[in-house]
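# What the coordinates show
Chain residues, written in single-letter form:
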Amino acid sequence: MNPPGAARFSDSLRGRFLVFDGPDGSGKSTQFRRFIAHCHALHVPVTEVREPGGTIVGEHIRAVLLDPANEPMAMRCEMLLYMASRAQLFEERILPALARGELVMADRFTSSTLAYQGTAGGIPVEDILAVGKVATGNRWPDLTVIFDVDEHVAASRLSPLLDRIEQRGARFHQCVRRGYLDQVRELPDRYRRIDASKDPDSVFADVLATIDAFFTHPRVGR
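The following refers to the structure shown. (Residues numbered from 1 in each chain as written. Predicted model: local features only at pLDDT ≥ 70, side-chain atom pairs only at ≥ 80, totals over all residues. Heavy atoms only, no water.)

### Details of the environment of R8
Position of R8 among the secondary structure elements: in helix α1 (residues 6–13). Taking the C-alpha atoms as reference points, R8 and T216, separated by 208 residues in sequence, lie 7.2 Å from one another. Once residues lying within four places of it in the same chain are set aside, the contact partners of R8 are D212, T216 and H217. A distance of 3.4 Å separates polar atoms of two side chains, one belonging to R8 and the other to D212. (Helix = DSSP H or I, 4+ residues; strand = E, 2+ residues; numbered from the N terminus. Contact = heavy atoms within 4.5 Å. Polar contact = N/O pair within 3.5 Å; in protein donor to acceptor, adjacent residues only side chain to side chain.)

### Re the packing of aromatic side chains
Counted by the stated rule, this structure contains 10 aromatic pairs. Between the aromatic rings of F9 and F35, the centroid separation amounts to 6.4 Å while the plane-to-plane angle is 85°, which identifies the pairing as edge-to-face. Taken together, the positions of F9 in helix α1 and F35 in helix α2 (residues 28–41) put the pair 26 residues apart, joining distant regions of the chain. Since its relative accessible area comes to 7%, F9 is described here as buried. Between F214 and F215, the aromatic rings sit 5.1 Å apart at their centres with planes inclined by 85°, giving edge-to-face as the arrangement. Owing to a relative accessible area of 7%, F215 belongs among the buried residues under this scheme. Taken together, F9, F20, F32, F35 and F147 form an aromatic cluster joined through their ring pairs. Above the face of the F109 ring, R86 is positioned so that its terminal group lies 5.2 Å from the ring centre. (Phe/Tyr/Trp six-rings, centres within 6.5 Å; stacked < 30°, edge-to-face > 60°. Buried < 20%, exposed > 50% of the residue type's maximum accessible area, 1.4 Å probe, protein only. Lys NZ or Arg CZ within 6 Å of the ring centre and 35° of its normal.)

### Points about helix α4 (residues 75–99)
Spanning 25 residues, α4 covers 34 Å between terminal C-alpha atoms, matching the ideal 36 Å at 1.5 Å per step. In the structure, α4 departs most strongly from a straight axis at F90, where the bend amounts to approximately 45°. Those residues of α4 that sit buried are E78, M79, Y82, M83, S85, R86, L89, F90, I94, A97 and L98. In the core, the buried residues of α4 are packed alongside β1 (17–21), β2 (46–50), α3 (56–66), β3 (103–107), α5 (110–119) and α6 (125–136). Phi for G101, located one or two positions after α4, is positive at around 80°. (Expected span 1.5 Å × (residues − 1). Bend = angle between axes of the 7 residues up to and from the residue.)

### A look at the pattern of salt bridges
Pairing is possible between side chains of opposite charge, provided their charged atoms come close. Inspection of the entire model under this criterion finds 15 salt bridges. Here D24 makes a salt bridge to R108, at a shortest N to O gap of 3.1 Å. One end of the pair, D24, is in the loop between β1 and α2; the other, R108, is in the loop between β3 and α5, and 84 residues separate them in sequence. For the pair shown, D24 and R108 are each scored as buried. One salt-bridge network, held together by shared partners, links D21, D24 and R108. (Salt bridge = Lys/Arg side-chain N within 4 Å of Asp/Glu carboxyl O.)

Here it is, written out as structure tokens:
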């Protein structure tokens, strides 16, 4: 039997666009999978996507972006490739799923570009937002949940086989974290922060409470 309020919670998620994001090693992907399983248990129709990738075109772009052999790639080129993958994903999978009334769950979105290529990479925020408007038709997630850990905890959780982005040094990843926290502070109507340094069960409990508050108790959550 579902807990009290489950029907209200599941109804509040239909037709929503929800993003889990955070630094590499934050544990967001683990929580992403747990939350999707929770939604399935509540019979919420879910379309899950990842970035970069999620489509045939996007997966080709992903391979280029994450290949360590492409280290000389310019930061603006990197940003535009992420946005190109995002544009295809939005057109091919996200918009149709929202039109069907499904919950769209994205593992990363424009919030990642703002943190990695913006704050850490030096590209002005206004440039990223301008390209983002083109890529998504100026449609943004209803809620972006940021899983926050410091760079030391994050580094301890990473696989030793690092991709091109993960190989960047501690200073870069410090800037990435700052970029995410800046977004949380500047966009309180669309962002929430989760302390991801806790054990996975505690983090998941915080995720459920945060999303429930945001969507079903707007006066509390926003």
